[in-house]
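Structure at a glance
Each chain, letter by letter, is given below.
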Amino acid sequence: MSFNSLGLSDALLKAISKKGYTTPSPIQQKAIPPILEGKDVLASAQTGTGKTAGFTLPILQILSVGQHLSRRPIRALILTPTRELAAQILANIKEYSEFLDLRSTVIFGGVNQNPQVTQLRQGIDILVATPGRLIDLQNQGLISLAKVEILVLDEADRMLDMGFLRDIERILKVLPSKRQNLLFSATFSKDIKKLAMGILHNPVHVEATPENTTVDAIIQKVYPVAKEKKTELIIKLITEGNWKQILVFTRTKQGANKLTESMISAGIKAAAIHGNKGQGARTKALAGFKDGSLTALVATDIAARGLDIPLLPHVVNFELPNIPEDYVHRIGRTGRAGASGEAISLFSPDETVFLHDIEKLVGLKLPIENIKGFEPDPNASKEPIKQGQGRQQRNSTPKKPKTDTTNRSSNNSFGPRRPSQNNDRRSNR
Ligand code: AMP
């Protein structure tokens, strides 16, 4: 299938070809036609599968065809859980709409609102936003959502979980009840699906089923290591492996800061990115990491959602996530759009439960490799460590996954993929 056959306009085809895309990805092939028909869509697509273009291209098409209003009210609203993801989606929209007369902008918290308000006053067709700042501006009477025709919840499972649900409900109240709703996420739990069905009207369900993974994918490895030796090991991996770009995940903000300091002391160019950092520092760290001036970016799960860092070769879980789905999102930062990547988890005995939960969810036994001199004490306690980041512990056990003997992950739909992945998420956080 080609982009031509999806019914997109010449202006969009020109922008797509300028981006270098030749074939629509599976999620694009499946999602674009029903969106163009004006239907509500519930789409499950792994991160890195091209889902952003899957909803932005048809939105641009719809808005450009129907475009007739001189005073531009906001006609499409795209909500995301993180500022970085919002900025990234806007960057994509700008590229895809280069040859269209449509205006778009992004608003999020942590920065001065005035430039955002000025932009909004000039008239905007497509608004990408994080919920907090949107509600803030709405409360100040600086934004009107009365003419929104299309609503997108990206990372919808996150947007409808307890952290954001109330905000989303408040936003839904000020939107016209007649509108098109598009919900995109890698995974939907039963509970979230129920909530989603309350928003959607006769939705088309779209799923990009992963195919068998053979070459272009993520190689996953687990290195058992004594907890107190993790810092030493990661520094050794980076320096001896001469790694140039590595994204490292910790469970806590303090852990991210501490590890960053140790890396810097060891001569590694590193920065931390997490919720306690100001927006300026977050943007600078991400930009430095993308342009190669930083070797290591140490992040909490804030950076795990949706970020697109092309050709990122290494992701390291310095600590395993206590929420197994976060593992999928974390390692999905590498191996994107057909490239290969390596995801290494430093695993200490107190994380045994987390490792088992992850293996159940992804349906793989992750390959273990011992590194001489770093092995944990075989008698070390396997008692689970304290849960981090203020999230509630899951109280339901994920469904037993299908077993799969391959050690590769499946988050890449531009290359070959492995069969299905268990998408059943925990029902409670
Ligand atoms: P996303 O899942 O939206 O974050 O996209 C992942 C990456 O795939 C981004 O770098 C996109 O620019 C790229 N991409 C999206 N659609 C296509 C396509 N049809 N062909 C090649 N690359 C694409």
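The structure presented is a predicted model; accordingly, all values stated were derived computationally and were not measured. (Residues numbered from 1 in each chain as written. Predicted model: local features only at pLDDT ≥ 70, side-chain atom pairs only at ≥ 80, totals over all residues. Heavy atoms only, no water.)

Okay, the overall build of the protein next. What the protein contains, in helices and strands, is 14 helices and 13 strands. Within the span of the protein, comprising 429 residues, buried residues form 58% of the whole. For the protein, contacts bridging at least 24 residues in sequence account for 78% of all contacts bridging at least 6. (Helix = DSSP H or I, 4+ residues; strand = E, 2+ residues; numbered from the N terminus. Buried < 20%, exposed > 50% of the residue type's maximum accessible area, 1.4 Å probe, protein only. Contact = heavy atoms within 4.5 Å.)

One pass over the structure, following the stated rule, counts 17 salt bridges. Two residues, Lys 51 and Glu 155, come together in a salt bridge whose shortest N-O distance is 3.2 Å. Linking Lys 51 in helix H3 (residues 51-65) with Glu 155 in the loop between strand S5 (150-153) and helix H7 (156-159), this pair joins segments that are 104 residues apart in sequence. Taking the relative accessible area as the measure of exposure, Glu 155 reaches 1% and is therefore buried. With a closest N to O distance of 2.8 Å, Arg 282 and Glu 84 form a salt bridge. Of this pair, Arg 282 sits in helix H12 (residues 279-291) while Glu 84 sits in helix H4 (residues 83-96), and the two are 198 residues apart along the sequence. The same class applies to Arg 282 and to Glu 84, which are both buried. Connected via shared salt-bridge partners are Lys 51, Asp 154 and Glu 155. (Salt bridge = Lys/Arg side-chain N within 4 Å of Asp/Glu carboxyl O.)

Before going further, it helps to spend a moment on the pairing of strand S3 (residues 104-107). Neither face of S3 is open: one carries Ser 104 and Val 106, the other Thr 105 and Ile 107, and all of them are buried. Strand direction decides the pairing type here: S3 and strand S4 (residues 126-129), joined by four bridges, are parallel. Each residue of the ladder has a partner; that of Thr 105, found in S4, is Leu 127. (Pairing = 2+ DSSP bridges.)

The next thing to look at is the sheet that holds strand S10 (residues 270-273). The strands that make up a sheet pair up through hydrogen bonds in the backbone, lying either parallel or antiparallel. Taken in spatial order, the six strands of this open sheet run S8-S13-S12-S9-S11-S10, and their pairing is parallel. Two strands close off the open sheet at either side, each with one partner strand: strand S8 (218-224) and S10. For this sheet, the mean inter-axis angle between neighbouring strands, taken without regard to orientation, is 20°. Taken together, the four bridges between strand S9 (residues 246-249) and strand S12 (residues 314-317) define a ladder with parallel strand orientation. Each residue of the ladder has a partner; that of Phe 249, found in S12, is Asn 317. Contacting S8, S9, S12 and strand S13 (341-347), helix H13 (residues 324-331) runs over the sheet at an angle of about 155° to S12. (Axes fitted to C-alpha atoms, helices over the stretch in contact; angles between N-to-C directions.)

Side chains Ile 150 and Val 152 project from S5 onto one buried face, and the interleaved Leu 151 and Leu 153 project onto a second face that is buried too. Bridge count for strand S2 (residues 76-79) against S5 is four bridges, and the pairing is parallel. Across the sheet, residue Ile 78 finds its bridge partner in S5, namely Val 152.

Another aspect to go through is the packing of helix H6 (residues 131-139) against helix H8 (residues 165-173). Between H6 and H8, the shortest axis-to-axis distance is 10 Å and the interhelical angle comes to 40°. Taken together, the axis directions place H6 and H8 in an arrangement best described as oblique. You can see that H6 and H8 cross each other, and the crossing is left-handed. Facing Pro 131, Gly 132, Leu 134, Ile 135 and Asn 139 of H6, the residues of H8 in contact are Asp 167, Ile 168, Arg 170 and Ile 171. (Parallel < 35°, antiparallel > 145°, perpendicular 65-115°, else oblique. Left-handed = near helix turned anticlockwise from the far one by under 90°.)

So, about the side chain of Lys 51. Under the relative-accessibility criterion, Lys 51 is labelled buried at 6%. Of note is the side chain of Lys 51, whose polar atom sits 3.2 Å from the side chain of Glu 155. (Polar contact = N/O pair within 3.5 Å; in protein donor to acceptor, adjacent residues only side chain to side chain.)

Our focus in this paragraph is the sheet that holds strand S1 (residues 41-44). If you walk across this open sheet you meet the seven strands as S3-S4-S2-S5-S6-S1-S7, and the pairing is parallel. The open sheet has two edge strands, S3 and strand S7 (204-207), and neither has a second partner. Neighbour to neighbour, the strand axes of the sheet diverge by 15° on average, direction disregarded. The pairing of S5 with strand S6 (residues 180-185) spans four bridges and is classified as parallel. Across the sheet, Leu 151 pairs through a bridge with Asn 181, a residue of S6.

Moving on to the confidence of the model for the protein. Taken over all residues, the pLDDT of the protein has a mean of 83, while the share at 70 or more is 83%. By mean pLDDT, H13 is the weakest element of the protein at 82, and S4 is the strongest at 98. With pLDDT under 50 throughout, residues 211-216 is counted as low confidence; its partners more than four residues away or in other chains account for 22 contacts. In the model, residues 388-429 has pLDDT below 50 throughout and makes 144 contacts with residues more than four positions away in sequence or in other chains. (pLDDT = per-residue confidence, 0-100.)

This part takes up the packing of aromatic side chains. For the structure on display, the rule yields two aromatic pairs. If you follow Lys 230 out to its NZ or CZ, it ends over the ring of Phe 318, 5.9 Å from the centre. (Phe/Tyr/Trp six-rings, centres within 6.5 Å; stacked < 30°, edge-to-face > 60°. Lys NZ or Arg CZ within 6 Å of the ring centre and 35° of its normal.)

Between its first and last C-alpha atoms helix H11 (residues 253-265) spans 19 Å; for 13 residues at 1.5 Å apiece the expected length is 18 Å, and the two agree. Every buried residue of H11 is accounted for by Ala 256, Leu 259, Thr 260 and Met 263. Looking straight down H11, one finds its buried side chains confined to an arc of 105°; they lie on one side. What points out from H11, more than 90 degrees from its buried face, is the exposed set Gln 254, Lys 258, Glu 261 and Ser 265. Here the buried face of H11 lies against helix H10 (230-240), S9, S10 and strand S11 (296-299). (Expected span 1.5 Å × (residues − 1). Arc of directions from axis to C-beta.)

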